[in-house]
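Chain and residue survey
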Amino acid sequence: MTALAGSSAGVMASVEKGTIVSTDAYRWVGDTIYQNEFKAWAESGEEIRSTYKGRPGYFMPVEQRWNRKNDISSYPKLTTGNLLHEAIFNMGLDEMVNAVEPDTTLRTGKEWAGVWTRDVSYSIILSMAALQPQASMISLMKKVNKSGQIIQDTGSGGAWPISTDRMVWVLAAYEVYKVTGDKKWLETVYPIAVRSLEKDAKTVMSRNGLVKGETSFIDWREQSYPRWMQTADISQSEAMGTNVMYAAALEATSRMASLLGKKKEAAKFHAEATALAANIDKTFWMDDKGYYGMYTYGRDNKILNPRHESLGAALSILYDVAPEAHQKEMSQRAPQTPFGPPVFYPQISDIPNYHNNALWPFVASYWTLAQAKAGNEAGVLEGMGSVFRPAALFATNKENLNLDNGDYFTELNSSNMLWSLSGNLGITMRILFGIHFEEDGLRIAPFVPQSLGGSRSLDNIDYRGAKLDITVNGYGANVKKLTLNGKELNPTAVIPASKLKGNCKIEVEMDNEPITPMNLNRVSNSKAPLTPVAWLTHDESKASAEVPVLNMLQWNPIEYIGKYLVLRDGKVVAETRETSYPAVEAGEWQVIGVAGDGTQSFASEPKSNRERINVSFPSDRYASAMTSKEVSYQPGEAMKGTSNGKFVEIDRQSAPLEVVVDVPETAVYSVSLRYANGNGPVNTENKAAIRTLTLDGNKAGTMVLPHRGVANWNDWGMSNTVVIPMEKGKHSLGIIYLPEDENMNIDTNHAILDKIVIEKFGEIEKK
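A few points on the structure.

In terms of regular secondary structure, the protein chain is built from 15 helices and 46 strands. Against the 2.2 N^0.38 benchmark of 27 Å for 767 residues, the protein chain shows a C-alpha radius of gyration of 27 Å, consistent with a compact globule. Counting only C-alpha atoms and orienting by the principal axes, one finds that the protein chain spans roughly 85 × 55 × 55 Å. When the 767 residues of the protein chain are sorted by exposure, 62% land in the buried category. Counted over contacts in the protein chain with a minimum sequence separation of 6, partners at least 24 positions apart contribute 71%. Accessible area for the protein chain stands at about 28,700 Å²; split by element, carbon and sulfur atoms hold 48% of it.

Here it is as structure tokens:
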């Protein structure tokens with residue numbers, strides 16, 4: 001816990017004269033930020049100096065310094081009583097100019113060339129739509145493929161459909177419209193959104209009605225998932241953050257349809273958004289914790305990972321996906337570490353810093369915006385501090401920070417990071433000046449903590465051909481008086497865009513009333529127990545006449561553990577301090593370690609003792625060497641590890657595969673493929689193979705065959721499973737390529753198959 005008691009800004013301001021925010025990790029006092037023996041301060045609005053030095057042996061200059069290098073006079077000018085705030089804002093503008101490439105696209109970061117769908121989209125929403133509308137449009141259109149759909153440009157195992165957060169593009173495109181009011185832009189982007197949604201509806205929706213795929217932006221498999229999870233498993237998980245973003249994108253598409261006079265389509269997308277939001281709340285909300293869980297995971301039986309995930313939670317508040325009561329509760333109960341909001345919490349013990357054990361300023365910016373919407377003054381102050389502290393101490397907008405010590409030494413990092421600088425600028429524009437772009441105008445609703453009270457102005461804002469100068473006086477959560485060019489307006493109403501012509505002066509008087517105090521769940525950074533490794537064995541010594549061979553679930557002991565939870569088919573069936581349990585019934589078995597404070601480990605890999613049927617492909621379809629021109633291959637290598645020394649090759653031109661299976665009883669079965677895909681690395685690129693599974697000629701589901709490593713054609717693994725009911729007797733299972741199976745690469749959609757694996761999943765429910 002931090003040394004600060006209470007949650008009001010008044011309490012914080014009393015810690016030290018001139019204190020704006022203070023935690024156990026750092027203090028922002030006046031024009032200076034202090035962290036241990038280091039400090040950063042503003043020499044002027046165009047210069048920041050810092051004495052920060054990194055970890056021993058890690059090179060850093062004796063003094064870090066930012067000086068303005070670019071002409072930023074055409075952009076908004078911030079004037080405030082706090083010189084450091086002015087300098088941090090100006091540094092954001094200066095680095096924004098660096099990020100605009102010669103082709104007028106937005107560069108992802110100093111170390112990251114090019115336009116990435118999620119990075120640029122989240123940046124556009126934060127502030128680039130307002131500050132770089134033309135570059136935002138050009139960048140978004142760079143992320144549309146030749147099929148007229150949004151590109152999922154990266155992600156575990158070959159991008160889409162393992163990563164499915166490309167629909168954030170829709171939110172960015174809609175934000176650009178709200179800023180510009182450009183009807184032609186709307187007419188351009190709406191069909192792209194619709195085509196992309198229609199394809200996803202055929203491929204990435206789970207049987208529970210949720211969007212499948214990994215958590216938005218957290219696209220390094222090992223950084224947020226248990227080690228045992230393959231990318232095929234991740235493709236079937238249901239991530240809270242991705243689903244929240246998707247629900248918001250559906251609603252944005254509905255709004256675009258309405259603006260274009262497409263009432264029927266608007267109603268359809270709105271209904272889908274509403275249904276998905278309700279499903280999110282039902283699936284992920286945890287009453288005991290007061291926030292959403294991070295994702296569901298497993299194989300045929302999903303369980304909820306109870307970690308808090310900040311970006312998804314923030315989006316659920318900002319886009320009203322979460323019910324209002326849950327928004328307030330999340331604001332107060334979500335974990336807040338001394339350095340700021342974690343990407344997720346608690347951390348994973350045996351994984352290095354990147355998404356794990358990290359603060360990302362763009363995520364912290366979204367969370368700070370959400371805290372302002374929820375009305376949490378303490379949350380806003382500590383959120384702002386979490387973004388401004390590293391910007392000042394490192395004299396640049398870094399990509400990510402170590403949550404243990406606030407340093408920027410992580411697995412990968414970059415200066416001049418687009419979404420970090422966009423968050424830096426967005427916090428000032430959207431919170432302290434309360435600029436909210438609406439379809440038909442501007443809503444001005446500042447949220448000014450008491451310790452940041454005073455007078456500040458933001459001049460030279462471009463808005464639909466007008467030039468705006470905005471001045472905000474005082475503090476508080478409510479506007480007392482709002483004037484436009486001296487004429488008083490309704491302080492809570494949207495200022496119509498039609499009234500904003502030429503040079504406009506907007507003046508805001510806050511009510512100077514203390515903001516209603518709310519709690520803040522300040523916690524020390526924490527790591528969860530290690531994940532148990534479990535296996536099934538036979539223990540004949542414990543057998544009986546009724547059960548001649550007893551299956552035992554066993555697992556390795558975890559140090560300092562309080563107890564273990566044993567799960568069968570995703571449900572807890574026992575608690576124990578032992579490291580074994582009799583797995584008498586057929587099912588998927590797992591174990592979770594629970595620390596003394598109740599913190600849970602990941603569940604172990606599911607181990608199945610269910611009945612299994614292995615089905616080979618017809619002998620005339622097997623190959624002894626690869627024939628595809630799409631890949632480079634050494635003959636004979638892929639035979640290693642196959643069931644019978646043969647495999648079947650599939651590409652986009654392959655004829656449909658068909659096998660006949662004789663199921664022994666009427667039941668629900670899970671169907672998967674044993675496959676290899678050496679077309680790309682485990683953590684990126686875009687050549688995941690996708691196929692449709694048919695049962696007796698009818699579509700039964702989608703099979704996802706992600707990369708398993710570059711040229712790893714003898715690395716065999718299992719696809720996802722498709723759960724389908726089958727009557728006793730013979731059935732035809734088909735593996736075919738349909739238009740919705742087109743991946744992000746388009747040209748290469750290729751893998752090799754060993755066999756089909758079928759397991760009894762359960763009984764068919766009687767109506």
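Attention now moves to helix 13 (residues 361-374). The first and last C-alpha atoms of helix 13 sit 20 Å apart over 14 residues, in line with the 20 Å expected at 1.5 Å per residue. Immediately downstream of helix 13, the backbone of Gly375 shows phi near 85°, a positive value.

Let us now look at the packing of helix 4 (residues 133-142) against helix 5 (residues 168-180). Their axes nearest at 10 Å, the elements helix 4 and helix 5 cross at an angle of 150°. Between helix 4 and helix 5, the angle falls in the class roughly antiparallel. Crossing of helix 4 against helix 5: the hand is left-handed. Every residue of helix 5 that contacts helix 4 at Pro133, Ser136, Met137, Leu140 and Met141 is listed here: Trp169, Ala172, Ala173, Val176 and Thr180. Looking at side-chain class alone, the contact of helix 4 with helix 5 contains eight nonpolar, two polar and no charged residues.

Judged by nonpolar contacts, the single largest core of 186 residues is most densely connected at Phe362, Tyr366, Ile435 and Leu500. Examining the composition of this core, we find that 11 residues originate from one element, helix 9 (residues 240-259), more than from any other. In contact with Leu500, other than residues within four places in its own chain, are Leu442, Tyr463, Ala466, Leu468, Leu484, Ile495 and Ile506. Core analysis: the second largest hydrophobic core is formed by 28 residues, Phe617, Tyr675, Met726 and Leu753 among them.

Next up on the list: the pattern of salt bridges. It is possible for side chains bearing opposite charge to pair when their charged atoms get close. What the rule picks out here adds up to 32 salt bridges. Note that Glu763 is salt-bridged to Lys760, the shortest N-O span being 2.8 Å. Accessibility expressed as a relative area gives 52% for Glu763, which makes it exposed. Residues joined by salt bridges that share partners form a network here, namely Asp233, Arg299, Glu605 and Lys607.

The next point concerns the pairing of strand 45 (residues 729-736). With seven of eight residues buried, strand 45 lies mostly within the body of the structure. Here four bridges tie strand 41 (residues 689-695) to strand 45, and the two strands are oriented antiparallel to one another. Following the sheet pairing, Leu695 is matched in strand 45 by Leu733.

Structurally, Asp597 can be placed in the loop between strand 34 (588-595) and strand 35 (600-603). Each C-alpha atom, one on Asp597 and one on Ile33, is 34 Å from the other, the two residues being 564 residues apart in sequence. Here the side chain of Asp597 touches Thr599 through a polar contact of 2.9 Å, side chain to side chain.

Examined bridge by bridge, strand 23 (residues 479-484) and strand 26 (residues 503-510) share five bridges and lie antiparallel to one another. Among the inter-strand pairings, Val479 is bridged to a residue of strand 26, identified as Met510. Direction of pairing for strand 23 relative to strand 24 (residues 487-489): antiparallel, over a ladder of three bridges. From the neighbouring strand, Leu482 faces strand 24, where its bridge partner is Leu489. Counting the residues between successive antiparallel strands, the hairpin from strand 23 to strand 24 contains two residues, one of them, Asn485, with a positive phi of roughly 50°.

What follows is about the packing of helix 13 against helix 14 (residues 377-394). Running from amino to carboxyl end, helix 13 crosses helix 14 at an angle of 160°, the nearest separation of the two axes being 8 Å. With respect to helix 14, the axis of helix 13 lies roughly antiparallel. Where helix 13 crosses over helix 14, the handedness of that crossing is left-handed. Where helix 13 approaches helix 14, its residues Pro361, Ala364, Ser365, Thr368, Gln371 and Ala372 are matched on the opposing element by Gly379, Val380, Gly383, Met384, Ser386 and Val387. When grouped by side-chain class, the residues that make up the contact of helix 13 with helix 14 number six nonpolar, six polar and no charged.

Attention now goes to the sheet that holds strand 12 (residues 302-305). Strand order in this open sheet of three strands is 8-11-12, and the pairing throughout is antiparallel. Looking at strand neighbours, the two that pair on one side only are strand 8 (238-239) and strand 12, the edges of this open sheet. Relative to strand 11 (residues 295-298), helix 10 (residues 263-284) is tilted by about 60°, and along the sheet it contacts strand 8, strand 11 and strand 12.

Looking now at helix 14. Since one α-helical turn is 3.6 residues long, residues separated by three or four positions face the same way. In this model helix 14 runs 26 Å from its N-terminal to its C-terminal C-alpha over 18 residues, within 8% of the 26 Å that 1.5 Å per residue would give. The residue sitting at the N-terminus of helix 14 and contributing the capping side-chain oxygen is Asn376; that oxygen lies 3.3 Å from the backbone nitrogen of Ala378. Downstream of helix 14 by a residue or two, Ala395 has a phi angle that is positive, lying close to 55°.

What counts, and where the lines are drawn
- Residues numbered from 1 in each chain as written.
- Predicted model: local features only at pLDDT ≥ 70, side-chain atom pairs only at ≥ 80, totals over all residues.
- Heavy atoms only, no water.
- Helix = DSSP H or I, 4+ residues; strand = E, 2+ residues; numbered from the N terminus.
- Rg over C-alpha atoms; globule rule 2.2 N^0.38 Å.
- Buried < 20%, exposed > 50% of the residue type's maximum accessible area, 1.4 Å probe, protein only.
- Contact = heavy atoms within 4.5 Å.
- Areas by Shrake-Rupley, 256 points an atom, 1.4 Å probe, with all protein chains shown as cover.
- Expected span 1.5 Å × (residues − 1).
- Axes fitted to C-alpha atoms, helices over the stretch in contact; angles between N-to-C directions.
- Parallel < 35°, antiparallel > 145°, perpendicular 65-115°, else oblique.
- Left-handed = near helix turned anticlockwise from the far one by under 90°.
- Nonpolar A, V, L, I, M, F, W, Y, C, P; charged D, E, K, R; others polar.
- Core = buried A, V, L, I, M, F, W, Y, C linked by side-chain atoms within 4.5 Å.
- Salt bridge = Lys/Arg side-chain N within 4 Å of Asp/Glu carboxyl O.
- Pairing = 2+ DSSP bridges.
- Polar contact = N/O pair within 3.5 Å; in protein donor to acceptor, adjacent residues only side chain to side chain.

Keep in mind these numbers describe shape, not what the thing actually does.
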